[in-house]
Each structure stands twice: as structure tokens, then as C-alpha cells.
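Below are the chains, spelled out letter by letter.
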Amino acid sequence: MKETVVSGIRPTGKLHLGNYFGAVTNFVKMQYDYNCFFFIADLHSLTTHPTPQDLHSYVRHVLVEYLACGINPEETTIYIQSDVPEVAELYLYLNMNAYMGELERSTSFKDKVRSQPDNVNAGLLTYPTLMAADILIHKATKVPVGKDQEQHLEFTRTFGNRFNRLYQTEYFPESFAFNYAQNLVKVPGLDGNGKMSKSSGEGNCIYLSDSPEVIRKKVSRAVTDGGPTEENQSKPEAIQNLFDLMKIVSTPDTIAHFDELYNKMNIRYGDFKKQLAEDMIVFNTPIRERIEDLSKDSSFLRQVAKHGALKARESAQRTIREVREIIGFKSF
């Protein structure tokens, strides 16, 4: 049998090139090699209190973009977290054996306490428990996560193992971080610092749904410098970031051409940015067109969501039925 993989994404906005190359392309490959559950984490998003209109819109947008990027609902299980109430039930059971002190030591919880002191809700405190429920409900052994999420996986192993010890069973397997690709692609932003991220502002990201006009405008405003001052000098971070973006979307000949111009102090950043923008547009256009087409097909989206919920609940109901029996809940 194939190993089970679980991964979720919070519906907090549109997907960008960083999401695509950092995660989604691997999801597309994984779906043929593993038993994959990819979900849209709308329950997790409630910690930030989105309006009902925004929540539904964001969930719909992520579903559309997952499908547009090549996630196949016939090959994998793609579902909306709130469509599987068994997750919330397992979350309750795990919370009964999760301790205040360990949850308060969560790095992400401490970060949230500092960044949003007026909204330190119970959902933030028990976020690791809900994440554990997402994983354990399907008894997954592999979870594609970044470094910032590895502590949550440690919590998942802690809660699963604690359940096993408490009820003297070997029911829940341990799950571990999983990098499907040999070399993970890190996509830099346009602001000259670090990776592409929504939290750094709209201008830092190239979204999969961006129009050609928007892409040209964003790239034209990307941070550069005054140009090289000597031949073959090392590139400062902002310039290296743009070359790294070009490596993702341009041909090797194009990259070599501008690299040579830079090394010979003949580069014109205006020409460089124009080429980068056009290559991004060529790459983005097929995905953007699929996003636009799928967004118009509400009937198909309903069908995908319903089909995914049925598949996910089949797995989740089996787990909950067995967990209830292990705990001692029995009908009279």
C-alpha cells in the first residue's frame, strides 16, 4: 500500500510563485506516488476572524488554484477542512490529553502573542492540536512542511504517542517531515530581501493570477542598485534575487546573456527587467487562463469539493469509529 501524505494550506489569499515552486509542484508529483490528502484549512483560519464573505471567497480561490496548477481530484483527495467534522471531534479528544504548559511553549504561539496581543485566543493556543488532528485523522506518515512547521510535527508525534500509551495501543503511527524534491526551490521576492511572501506586501509577490500588465508593473518596480562597479564582482542580494527569479522562468541562454552583461559592467537593468517580466508572463499565462476558466465553472467546483469530502470522510470516519472504541465510547 502507498504511504499516506497530508498537507494543508490556510485560505489567506492568492498563491504566488513561491507557493507554486516551493510546494504545489511537488504536490502534483506526489499525487501519483502516494495516497495524498490535500486540504484547505478553513478551520485554522478562524483564529484571525475572517468575515463569512471573505472566508468563502478565499476557500474558493485556493480550490481553483490547486486545480489550475495540476492537482487532480481523481488521483488525490482534495477537500475543505470544515467538510470533515471528524477532524473537530479528534481535535477535542487530543485536547483532553494536551497540556497547557507544552502548548504555551509552542514557538508559533509565542510569536502570535507578541505580534497580536489583543487576539490571543484558545484556537491559537491549541493550533498544534488541530494540526495533529488533521494528520492523525488519516494516519499519515509523511507531511510536507517547512522548518517553521517542524515543531508542530513534534507535537503531532507527542499527542499520537501519548494516546497510544494512555490506551495501551499502537494505533497512531508517527509522522515525519517530508521533502519530495531533492533540491527545494526557494523563490525570492521583488523587494530585495528574502523569500517571496504575502506578508511583505502585494508588490513583493508575483501571483499565479496576475495579469501581464500587473506583472510588468511589479517587475519594473523591483529593487535594484546603481549597477556593477567592477568586472566579475559578486552580485548584491537584491540583484542576485532577480537573477534567481530568472533561473526559474527563463531559458539558460537568456540567463547566460544577462550574466555576461553584468560581469562586463554592460547590464541595463531596464532591459533585464523587461525580459524577466515577459518570461514570467509566458510561464504564468497557461496557469492564469486555467484559473479564469475554472473560476467560471461553479458546478465543477461543487462537484470536486463534494467528491473530496466524501473521500476524506471515508478515511476520517474509520479513524473516529476506531478511536471511540479504543477510548471506551460504546452504545447501549
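Let me begin by describing the structure that accompanies this report.

The rules behind the values
- Residues numbered from 1 in each chain as written.
- Predicted model: local features only at pLDDT ≥ 70, side-chain atom pairs only at ≥ 80, totals over all residues.
- Heavy atoms only, no water.
- Salt bridge = Lys/Arg side-chain N within 4 Å of Asp/Glu carboxyl O.
- Helix = DSSP H or I, 4+ residues; strand = E, 2+ residues; numbered from the N terminus.
- Buried < 20%, exposed > 50% of the residue type's maximum accessible area, 1.4 Å probe, protein only.
- 1 Å grid on protein atoms, 1.4 Å probe; cavity = no way out; pocket = protein on both sides within 12 Å on 5 of 7 lines; lining within 4 Å.
- Points joined across faces, edges and corners; volume = space filled by probe spheres on them.
- Nonpolar A, V, L, I, M, F, W, Y, C, P; charged D, E, K, R; others polar.
- Pairing = 2+ DSSP bridges.
- Right-handed = clockwise from strand over helix to strand, strands pointing away.
- Contact = heavy atoms within 4.5 Å.
- Axes fitted to C-alpha atoms, helices over the stretch in contact; angles between N-to-C directions.
- Left-handed = near helix turned anticlockwise from the far one by under 90°.
- Phe/Tyr/Trp six-rings, centres within 6.5 Å; stacked < 30°, edge-to-face > 60°.
- Lys NZ or Arg CZ within 6 Å of the ring centre and 35° of its normal.

### With respect to the pattern of salt bridges
Two side chains with opposite charge may pair up if their charged atoms get near one another.
Then comes step 1: Taken as a whole and judged by the stated rule, the model has 12 salt bridges.
Then comes step 2: Salt-bridge contacts for Glu-86 lead to Arg-313; the nearest nitrogen and oxygen are separated by 2.6 Å. Of this pair, Glu-86 sits in helix 3 (residues 86-95) while Arg-313 is found in helix 13 (residues 298-327), placing the two residues 227 residues apart along the sequence.
Then comes step 3: On the basis of relative accessibility, which here comes to 6%, the residue Glu-86 falls in the buried class.
Then comes step 4: The salt bridge partner of Glu-278 is Arg-216, with a shortest N-O separation of 2.7 Å. Note that Glu-278 is positioned in helix 12 (residues 269-295) and Arg-216 in helix 9 (residues 212-220), a separation of 62 residues in sequence.
Then comes step 5: Judged by its relative accessible area of 33%, Glu-278 falls in the partly exposed class.

### What about the layout of surface pockets?
Then comes step 1: By volume, the second largest pocket is sized at about 290 Å³.
Then comes step 2: Lining the second largest pocket are 14 residues; nearest its centre among them are Met-1, Thr-4, Asn-35, His-138 and Arg-318.
Then comes step 3: Going through the elements one at a time, strand 2 (35-40) and helix 13 are the ones with two or more residues in the lining of the second largest pocket.
Then comes step 4: Counting residues per element, the lining of the second largest pocket draws most heavily on helix 13, which supplies four residues.
Then comes step 5: When its residues are assigned to classes, the lining of the second largest pocket shows three nonpolar, six polar and five charged.

### Some points on the pairing of strand 3 (residues 77-80)
Then comes step 1: Across the two faces of strand 3 the burial is the same, with Thr-77 and Tyr-79 and Ile-78 and Ile-80 all buried.
Then comes step 2: In this structure, strand 2 lies alongside strand 3, joined through four bridges in parallel fashion. Within the sheet, the bridge partner assigned to Ile-40 lies in strand 3 and is Ile-80.
Then comes step 3: On the question of chirality, the crossover connecting strand 2 to the parallel strand 3 by way of helix 2 (residues 52-68) is right-handed.

### Observations regarding the environment of His-61
Then comes step 1: With respect to the helices and strands, the residue His-61 is situated in helix 2.
Then comes step 2: Residue His-61 is classed as partly exposed on the basis of its relative accessible area, which comes to 25%.
Then comes step 3: In the structure, His-61 is positioned 255 residues away from Ala-316 in sequence and 25 Å away in space, judged by C-alpha atoms.
Then comes step 4: Aside from chain neighbours lying at most four places away, what touches His-61 is Lys-14 and Ser-209.

### Considerations on the packing of helix 10 (residues 237-249) against helix 12
Then comes step 1: Contact geometry for helix 10 and helix 12: axes closest at 9 Å, N-to-C directions at 35°. Where helix 10 crosses over helix 12, the handedness of that crossing is left-handed. Contacts between helix 10 and helix 12 involve Ile-239, Leu-242, Phe-243, Leu-245, Met-246 and Val-249 from the former and Tyr-269, Phe-272, Gln-275, Leu-276, Asp-279, Met-280 and Phe-283 from the latter.
Then comes step 2: The residue inventory of the contact of helix 10 with helix 12, partitioned by class, reads 11 nonpolar, one polar and one charged.

### What to know about helix 7 (residues 127-136)
Then comes step 1: A large share of helix 7 lies buried, amounting to 10 of its 10 residues.
Then comes step 2: Of all the positions in helix 7, only Tyr-127, Pro-128, Thr-129, Leu-130, Met-131, Ala-132, Ala-133, Asp-134, Ile-135 and Leu-136 are classed as buried.

### So, unusual backbone geometry
Then comes step 1: The phi torsion at Gln-168 lies on the positive side, around 50°, for a residue other than glycine.
Then comes step 2: Assignment of secondary structure puts Gln-168 in the loop between helix 8 (150-166) and strand 5 (176-177).
Then comes step 3: You can call Gln-168 exposed: its relative accessible area is 77%.
Then comes step 4: Positive phi, normally seen in glycine, also occurs at Asn-232, with a value near 60°.
Then comes step 5: Inspection of the secondary structure puts Asn-232 in the loop between helix 9 and helix 10.
Then comes step 6: Judged by its relative accessible area of 56%, Asn-232 falls in the exposed class.

### Focus: the side chain of His-44
Then comes step 1: Among the secondary structure elements, His-44 is positioned in the loop between strand 2 and helix 2.
Then comes step 2: Apart from the residues within four sequence positions on either side, His-44 is in contact with Arg-10, Gln-81, Tyr-127, Leu-130, Met-131 and Asp-134.

### What to know about the packing of aromatic side chains
Then comes step 1: Under the defined criterion, the tally for this structure stands at 15 aromatic pairs.
Then comes step 2: Plain terms: the ring middles of Phe-27 and Tyr-66 are 6.4 Å apart, the flat faces sit at 80° to each other, and that makes the pair edge-to-face. Remark: Tyr-66 occurs in helix 2 and Phe-27 occurs in helix 1 (residues 17-30); sequence separation between them is 39 residues.
Then comes step 3: A relative accessible area of 5% places Phe-27 in the buried class.
Then comes step 4: Judged by its relative accessible area of 1%, Tyr-66 falls in the buried class.
Then comes step 5: Their ring planes at 70° and their centres at 5.2 Å tell us that Tyr-34 and Phe-178 sit as a pair that is edge-to-face. Highlighted residues: Tyr-34 in the loop between helix 1 and strand 2 and Phe-178 in the loop between strand 5 and helix 9, separated in sequence by 144 residues. Across this residue pair, the class does not change: Tyr-34 and Phe-178 are buried.
Then comes step 6: Connected via pairs of aromatic rings, a cluster forms that spans Phe-163, Tyr-167, Tyr-171 and Phe-172.
Then comes step 7: Sitting over the face of the ring of Tyr-207, Lys-14 holds its NZ or CZ atom 4.6 Å from the ring centroid.

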